[in-house]
Amino acid sequence: QVQLAESGGGLVQAGGSLRLSCAASGRAFSLYSMGWFRQAPGKEREFVAAITWSGGSTYYAESVKGRFTISRDNAKSTVYLQMNSLNPEDTAVYYCATTSRMYSTDLVRSTEYDYWGQGTQVTVSS
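Keep in mind that this is a model prediction, so the values were computed, not measured. (Residues numbered from 1 in each chain as written. Predicted model: local features only at pLDDT ≥ 70, side-chain atom pairs only at ≥ 80, totals over all residues. Heavy atoms only, no water.)

Draft legend 1. Looking closely at the packing of aromatic side chains. Inspection of the entire model under this criterion finds five aromatic pairs. Feature note: the residues F37, F47, Y113 and W116 constitute an aromatic cluster, connected by ring pairs. Here the basic side chain of R45 rests over the ring of Y95, its NZ or CZ set 4.0 Å away from the ring centre. Here the guanidinium or amino end of R72 rests over the ring plane of F29, the centre of that ring lying 4.3 Å away. (Phe/Tyr/Trp six-rings, centres within 6.5 Å; stacked < 30°, edge-to-face > 60°. Lys NZ or Arg CZ within 6 Å of the ring centre and 35° of its normal.)

Draft legend 2. Structural detail: the state of the cysteines. Counted by the stated rule, this structure contains one disulfide. The disulfide partner of C22 is C96, and the gap between their sulfur atoms is 1.9 Å. Classification of the bridge connecting C22 and C96 rests on its S-S torsion, roughly 40 degrees, and on that basis the disulfide is right-handed. With C22 in strand β3 (residues 18–25) and C96 in strand β9 (residues 92–98), this residue pair connects regions lying 74 residues apart in the sequence. Of the two residues, C22 and C96, both sit in the buried class. (Disulfide = S-S within 2.5 Å. Helix = DSSP H or I, 4+ residues; strand = E, 2+ residues; numbered from the N terminus. Buried < 20%, exposed > 50% of the residue type's maximum accessible area, 1.4 Å probe, protein only.)

Draft legend 3. Inspection of the nonpolar core at higher detail. Counting 34 residues, the largest nonpolar core has W36, L81, M83 and Y94 as its most contacted members. At the level of elements, β3, β4 (34–39), β5 (46–51), β7 (68–73), β8 (78–83), β9 and β11 (120–125) are the ones that each hand at least two residues to this core. By residue number, the principal contributor to this core is β5, which donates five residues. (Core = buried A, V, L, I, M, F, W, Y, C linked by side-chain atoms within 4.5 Å.)

Draft legend 4. Structural view of empty space enclosed by the protein. Scanning the model with the defined rule gives one cavity of 30 Å³ or more in all. The calculated volume of the largest cavity comes to roughly 50 Å³. V2, A24, S25, R27, F29, Y32, M34 and T98 together form the lining of the largest cavity. Considering only residue class, the lining of the largest cavity consists of five nonpolar, two polar and one charged. (1 Å grid on protein atoms, 1.4 Å probe; cavity = no way out; pocket = protein on both sides within 12 Å on 5 of 7 lines; lining within 4 Å. Points joined across faces, edges and corners; volume = space filled by probe spheres on them. Nonpolar A, V, L, I, M, F, W, Y, C, P; charged D, E, K, R; others polar.)

Draft legend 5. Broad picture of the pairing of β3. Here five bridges tie strand β1 (residues 3–7) to β3, and the two strands are oriented antiparallel to one another. Bridge assignment links A5 to a residue of β3, and that residue is A23. (Pairing = 2+ DSSP bridges.)

Below, the structure written as structure tokens:
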């Protein structure tokens, strides 16, 4: 059973930084790509960032490009999302997700993901 557990959310002022972590368990972490999504109140869940199984390729939503960085540590079975220059529009519940297919590269659509964490709240005050 694949399990994903996010941590690192919280309240931060505009311009500040947070680092989210997502610890995975239940299978060989290094064979599967990972993604981060977010959902703000009253809005649909949206793609934030993704990273391939080896970490060789990363993908970002335009709204976070240059401010957020996704990375992974396969030895720790953990994926990270470093978020800098946060603004109130980044306020949302952030979810990590992974696919059921090894070596997946189609990582932008939420429908490509089969396992989701419970989410961690990020609130950015102005």
